[in-house]
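Now for the letters of each chain:
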Amino acid sequence: MLFKLSVNNMKKSVKDYTVYFCTLIVGVAVFYVFNAIQSQTVMMDITKNTREIIEMMESMLSGVSVLVAVILGFLIIYATRFLIRRRNREFGLYMLLGMSKRKISMILFGETFLIGLISLGVGLLLGVCASQFMSILVARMFQADMTKFTFVFSKDACIQTIAYFCLMYLIVIVFNTVMVSRYQLIDLLRFDKKSEKVRMKNPWICTIVFLISAAMLGYAYYSVTGGFKEIARNGIYTSIILGAVSTFFIFWSLSGLILKIVMSVKGIYYRGLNSFILRQFASKINTMVASMTIICLMLFVTICVLSSALSMNHSMNANISELAPVDVQLMKHRNLDESWIKQGYTKEEIQNSRSGLFEEYKQDGLNLDQYLDEYVTFNIYATDDLTLGDMLGSSLEEIRMVYSALQYDTAELIMTVSDYNRVASLYGKQTYTLDQDEYMVIANYETMMELRDRSLKKGEKIKVFGHSLKPKYETCRDGFVEMMASHANMGIVIVPDQVVDEDYVEYESITGNYRSKDKEKAEATFRKAIKEKADLNYISTSRLEILENSVGLGAMVVFIGMYLGIIFLISCAAILALKELSESADNVERYDMLRKIGTDEKMISGALFKQIGIFFLFPLILACIHSYFGIQFCTKLLETLGNEKMMQSVLETAGIIVLIYGGYFLITYLCSKNMIQNK
Amino acid sequence: MKTVLQLDQIEKYYGNRSNLTKALDSISFEVEEQEFVAIMGASGSGKTTLLNCISTIDKVTAGHIVVDGTDITKLKGNQLNRFRREELGFIFQDFNLLDTLTAYENIALALSIQNVPAKQIRDRVLEAAEQLGIQDVLDKYPYQMSGGQKQRVASARAIITNPKLVLADEPTGALDSKSARMLLESFESLNAAGTTILMVTHDSFTASYASRVIFIKDGKLFHEIRRGADNRKQFFDKIIDVVTLLGGDVSDAL
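Every chain begins its residue count from 1, and numbering advances along the sequence as written. As they are written, the chains are lettered A onward and the ligands numbered 1 onward, keeping that order. In keeping with the predicted nature of the model, local features appear solely for residues at pLDDT of at least 70, side-chain atom pairs appear and are counted solely at 80 or more, and the whole-chain, interface and lining totals rest on all residues.

(A) Here's a closer look at the overall build of chain A. A count of helical and extended segments in chain A gives 24 helices and ten strands. Oriented by its inertia axes, the alpha-carbon framework of chain A measures out at about 95 × 60 × 45 Å. Here the C-beta atoms are placed from the backbone, and a residue counts as buried if at least 20 other C-beta atoms lie within 10 Å of its own, exposed if 12 or fewer do, and partly exposed otherwise. For chain A, with 679 residues in total, the buried portion stands at 40%. Contacts in chain A between residues far apart in sequence, at least 24 positions, make up 86% of those at least 6 positions apart. Think of it this way: any DSSP run of H or I at least four residues long counts as a helix, any run of E at least two long counts as a strand, and we number them from the N terminus. Here, residues touch in the contact sense if the C-beta positions derived from the backbone fall within 7 Å of one another.

(B) Seen up close, the overall build of chain B. The helix and strand inventory of chain B stands at nine helices and ten strands. Atoms counted for the radius of gyration: C-alpha only. Globule rule: 2.2 Å times residue count to the power 0.38. Since a compact globule built from 254 residues should have a radius of gyration of about 18 Å, the 18 Å found for chain B is in line with a globular shape. Taking the principal axes of the C-alpha coordinates as reference, chain B spans close to 55 × 45 × 35 Å. Burial status across chain B gives 48% buried among its 254 residues. Partitioning the contacts of chain B with sequence separation of at least 6, the portion at a separation of at least 24 is 71%.

(C) Molecular detail of the packing of helix α4 (residues 48–85) of chain A against helix α7 (residues 155–181) of chain A. Residue and element names in this part refer to chain A. Interaxial angle, 0 to 180 degrees, is taken between N-to-C directions of lines fitted to C-alpha atoms, where a helix line uses only the stretch in contact. The geometry of α4 relative to α7 is characterised by a closest axis approach of 10 Å and an angle of 35 degrees between their N-to-C directions. Two packed elements cross with a definite hand, and for α4 against α7 that hand is right-handed. Within the contact between the two elements, α4 uses A69, L72, G73, I76, I77, T80, R81 and I84 and α7 uses Y164, M168, I171, V172, F175, N176 and M179. Here the term charged refers only to Asp, Glu, Lys and Arg, the term nonpolar to Ala, Val, Leu, Ile, Met, Phe, Trp, Tyr, Cys and Pro, and the term polar to all other amino acids, Gly among them. When grouped by side-chain class, the residues that make up the contact of α4 with α7 number eleven nonpolar, three polar and one charged. By convention, the crossing between two helices is left-handed when the near helix turns anticlockwise from the far helix through less than a right angle, and right-handed when the turn is clockwise.

(D) Layout of the sheet that holds strand β8 (residues 197–201) of chain B. Residues and elements named next belong to chain B. The criterion for strand pairing is that DSSP finds at least two bridges linking the strands in question. Strand order in this open sheet of six strands is β6-β7-β8-β3-β9-β10, and the pairing throughout is mixed. Here the strands that pair on one side only, and so sit at the sheet edges, are β6 (88–91) and β10 (220–226). Mean inter-strand twist for the sheet, computed between neighbouring axes without regard to direction, equals 20 degrees. Where strand β9 (residues 212–217) meets β10, six bridges bridge the pair, whose relative direction is antiparallel. Across the sheet, the residue bridging to K217 is K220, located in β10.

(E) Region of interest: the pairing of strand β3 (residues 36–40) of chain B. Residue and element names in this part refer to chain B. Of all five residues making up β3, five are buried, and the element is well covered by its neighbours. Judged from the five bridges that link them, β3 and β8 form a sheet pairing that is parallel. The residue of β8 that forms the bridge with M40 is T201. One ladder, built from four bridges, connects β3 with β9; its direction is parallel. Of the residues in β9, the one forming a bridge with M40 is F215.

(F) Examining the environment of L608 of chain A more closely. All names here are of chain A. Here L608 is to be found in helix α23 (residues 601–637). Owing to 24 C-beta atoms within 10 Å, L608 belongs among the buried residues under this scheme. A C-alpha to C-alpha distance of 7.3 Å links L608 and K673, two positions 65 residues apart in sequence. Excluding residues that lie within four positions of it along the chain, L608 makes contacts with Y669, S672, K673 and I676.

(G) Looking closely at the domain arrangement of chain A. Residue and element names in this part refer to chain A. What counts as a domain boundary in this text is fixed by an automatic or database domain assignment. For chain A, the assigned domains read domain 1 (1–194), domain 2 (201–325 + 550–679) and domain 3 (335–536). The C-alpha centroid of domain 2 is placed 25 Å from the C-alpha centroid of domain 1. Listed by partner, the interface residues are 27 residues for domain 1 and 23 residues for domain 2. Sorting the residues of the side of domain 1 that touches domain 2 by element identifies α2 (14–35) and α4 as the ones contributing at least two each. In terms of residue class, the side of domain 1 that touches domain 2 is built from 20 nonpolar, four polar and three charged.

(H) Focus on the interface of chain A and chain B. Contact with chain A, which involves 24 residues of that partner, is made by 22 residues of chain B. Counting only elements with at least two residues in the side of chain A that touches chain B, the list comes to α12 (266–269), α13 (274–323), α22 (543–596) and α23 of chain A. Top contributing element to the side of chain A that touches chain B by residue count: α13 of chain A, with five residues. Of the residues in the side of chain A that touches chain B, the class split is seven nonpolar, eight polar and nine charged.

(I) Spatial organisation of the sheet that holds strand β5 (residues 70–71) of chain B. Residues and elements named next belong to chain B. Spatially, β2-β1-β4-β5 is the arrangement adopted by the four strands of the open sheet, whose pairing is antiparallel. Only two strands of the sheet have a single neighbouring strand rather than two, namely β2 (20–32) and β5. Direction of pairing for strand β4 (residues 62–67) relative to β5: antiparallel, over a ladder of two bridges. Bridge assignment links V67 to a residue of β5, and that residue is T70.

(J) Molecular detail of the environment of T100 of chain B. Residues and elements named next belong to chain B. Structurally, T100 is set in the loop between β6 and α3 (103–112). The buried category is assigned to T100, around which 22 C-beta atoms lie within 10 Å. For the pair T100 and P142, spaced 42 residues apart in sequence, the C-alpha separation works out to 8.1 Å.

(K) The pairing of strand β9 (residues 505–514) of chain A, seen in detail. Residue and element names in this part refer to chain A. Burial runs high along β9: seven of the ten residues are buried. For strand β1 (residues 328–333) and β9, the ladder comprises six bridges, and the chain directions are antiparallel. Bridging across to β9, M331 finds its partner in S509.

(L) Just the environment of V213 of chain B, in detail. Residue and element names in this part refer to chain B. Along the chain, V213 falls in strand β9. Residues V213 and F36, 177 residues apart in the sequence, show an inter-C-alpha distance of 8.8 Å. Contact partners of V213, with chain neighbours within four places excluded, come to A38, M40, A207, I225 and I239.

(M) Here's a closer look at α22 of chain A. All names here are of chain A. In a regular helix each residue adds 1.5 Å, so 54 residues correspond to 80 Å; α22 covers 74 Å between its end C-alpha atoms and thus fits that length. At every residue, the bend is computed as the angle between two fitted axes, covering the seven residues ending there and the seven beginning there respectively. The largest bend along α22 reaches roughly 50 degrees and is located at N587. Across the 54 residues that make up α22, a large majority, 38, are buried. In a helix, the anticipated span is given by 1.5 Å times the number of residues less one.

(N) Seen up close, the confidence of the model for chain B. Overall, the prediction assigns chain B a mean pLDDT of 87, with 97% of residues at 70 or greater. Looking at the elements of chain B, mean pLDDT is at its lowest for helix α9 (residues 248–252) of chain B, recorded as 48, and at its highest for β3 of chain B, recorded as 93. For every residue, the predictor reports its confidence as pLDDT, a number between 0 and 100.

(O) The arrangement of unusual backbone geometry in detail. All names here are of chain B. The phi torsion at Q34 lies on the positive side, around 65 degrees, for a residue other than glycine. Mapped onto the elements of the fold, Q34 is located in the loop between β2 and β3. Residue E170 is not a glycine yet carries a positive backbone phi of 45 degrees. Take E170: it is sitting in the loop between β7 (165–169) and α6 (177–192).

(P) Region of interest: the packing of α22 of chain A against helix α24 (residues 646–677) of chain A. Residues and elements named next belong to chain A. Two numbers describe how α22 lies on α24: the axes approach to 9 Å, and their chain directions differ by 20 degrees. In terms of their interaxial angle, α22 and α24 are classed as roughly parallel. By crossing handedness, the relation of α22 to α24 is classed as right-handed. Looking at the contact of α22 with α24, its residues break down into 18 nonpolar, five polar and one charged. For classification purposes, angles smaller than 35 degrees are called roughly parallel, those larger than 145 roughly antiparallel, those between 65 and 115 roughly perpendicular, and all remaining angles oblique.

(Q) Spotlight on the nonpolar core. By size, the foremost hydrophobic cluster in this structure holds 243 residues, and its most contacted members are I414, I494 and A574 of chain A together with I107 of chain B. Looking at this core element by element, the count peaks at 25 residues for α22 of chain A. In this structure I494 of chain A touches M415, V417, Y420, Y432, L434, Y439, M440 and I442 of chain A, once residues within four positions along its chain are discounted. By size, the runner-up hydrophobic cluster in this structure holds five residues, among which are F91, I104, L108 and V180 of chain A. By our criterion, buried Ala, Val, Leu, Ile, Met, Phe, Trp, Tyr and Cys residues that link up through C-beta atoms within 7 Å make up a nonpolar core.

What follows is the structure, given as structure tokens:
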């Protein structure tokens, strides 16, 4: 009997539930899809390296899943409580008829159980289908063959999804039971008799609060962008808290101000249904300030996460051709002394580091020409006499104040100008000439370049191997020597050839291109030929490796970004949609009244559209403004990883938001319209 | 006198062939300009259905309703809305004021949905408020007003568009006797100033303020009396006589 009541209640309130239900289904599906990625790749033909990356990605994604589960849990609890509150009269009636609270709890339990069961079932089904498409996406990202299509079902992901969602529903049931036990019959029956009190806020207080919070927000914006260096010391948290608090007060004060301002413009206020729309807006925003703040902040996080993730992926792919211009780079750590044992080096390795890489190969009878088409050998020197601190010279103290974490006593890397020129011409970069008493700095990590430029501009002289040198250029020159996936060359000092002391070689390197066109095969044979050693003092990098790593990292970042972004988006859009739908249900009478005094249908649906539109747009606009600065901060933060194609990433993010958020808006509008017309 | 409203053999059926209810059964009457007509009848006699048909909220099954030369049974969709907001004024039993708007804004809304320029709105709202004596509640919200004040605000909203006909559905139904009297006196003065009013009520006292009372029983026209030269008390007694004839239900409501 109780179960029948539950079923009938669900059927009856299906309109209220639709949006919530769809959100749950999408949530379950997304949860499954992202947790099933690993299983999807089992059948693919990918390298061991890529598989390791995917495994790492999977473990990170399951970590993120906990966060996602918490967010979805909050959404579910919020939504059920909200939907139940709307049915207070119904429960009041049950109690009036003598139903015990325990039985009411049972009805709610039945409903939650039903919703849970259906949403899990449909969501998993949808998820399994969607994850087949996901395989195609994953395959494309990792450039794997998808010649044969196999239908994959991930048992682990399925169990994980069911476990997480069952836990959430259990919590909801506990919450509901507690809520029902607190019910007072009189409150339930008188629930909607309360007339709405409209409290106008004092416009002066609103103005002052608005100005103060705008100033606070401005300061937060400044400190995350313009005053970036301040952040390094104070931490970003102050700005985040400041931003969140001022967001709340901006909504609070604007709700009062907008009404006041528009009301004073009689021509607009008394046109059509404007006065009605604005009053509706004002009467609700008082109660919606808190949720709008949360939605605005969630949207802000979504925009930043999504666009940064996409831009990282773009730039990683773009960086490869620039930062890994040749096929392979071998390096050997040279001239190690006993102190390196502490760093995990063995005695043999230290002994081995005395001999050069090139000679070693010669001794082994290895003819490099056989494998490598064009290659260069070069040395990198280092001496404790020239540290980063020495380089910065008189600017050191002032820089140390801001960047206290930098290691100022590490030895600088030094190269001769002719060695560098050979590398540069192999890389297709500009070559340089230096006079006897000149030096220059090559770097591509922007923050470090800025620091170094300060002392270069002053013409700071340095002492290296007994020679005194002055800077040739006032700024660092763009360039790098070690191949890597990002702009992370902190600086290499280029000096005239005769300055260096051969006893201070720190690294010896052979860098070049394979002879064969089939790079993968060439790499395998070359690795075999050089008997690649696991010794710590050998470092080898190849273009293929960097490519795989950065594609993997890019994919990981994109997946995590998408995962979080989509969940955040659907959560806040669902909250808004539910709120607006219930508002519309409450407003049926008001719209009906408008109709009775002869308002056009067009005008009425226009008013509804504007009313819902404002509520969706308001948090979005502020979130966009936040994001404008937030993305700048992210760009700085992720500088080493590159920020190419930021514009494209932002546009892609906008597309996703328009699609999901706009979709929710449209559904809300259409459902509301249906609701107010059905009376 | 010009005829504002003309009902011609209107019928309204509910239900189907096997179970037919005639809510209105060939009712015909006319309302002249500047008349104050009350329609009386017991619960279920069809008076509200009649008002709904005149106000175009409901549709008649047969017959014609002509308001100021327009046959409103032939109007459709937005024509109906347009007719309603331009030619008719409404006063409801439960006021139907928007609780989010002040009294002033509630009255102004009737004009702004007709796209009247904002400049004219102020003067017209103040004028209507003066006619009904509600100048001092204009800035209040409905929840801050008494029932009588709310109903007079609703009346101001109904007359501000200068409608051909004001329709009132049990306007005193939710009011105490003092507020009811004040409202009805306002109606009298509005009527004297030239407003045509058609009011539905089951209360003989309320009906006694009208210049003519039409009685309906079981969907049919039962009787009609005019006030003529009588004062209100005499007219009230006449109404009571008819009500007694009509049957018990109505007098119960007295």
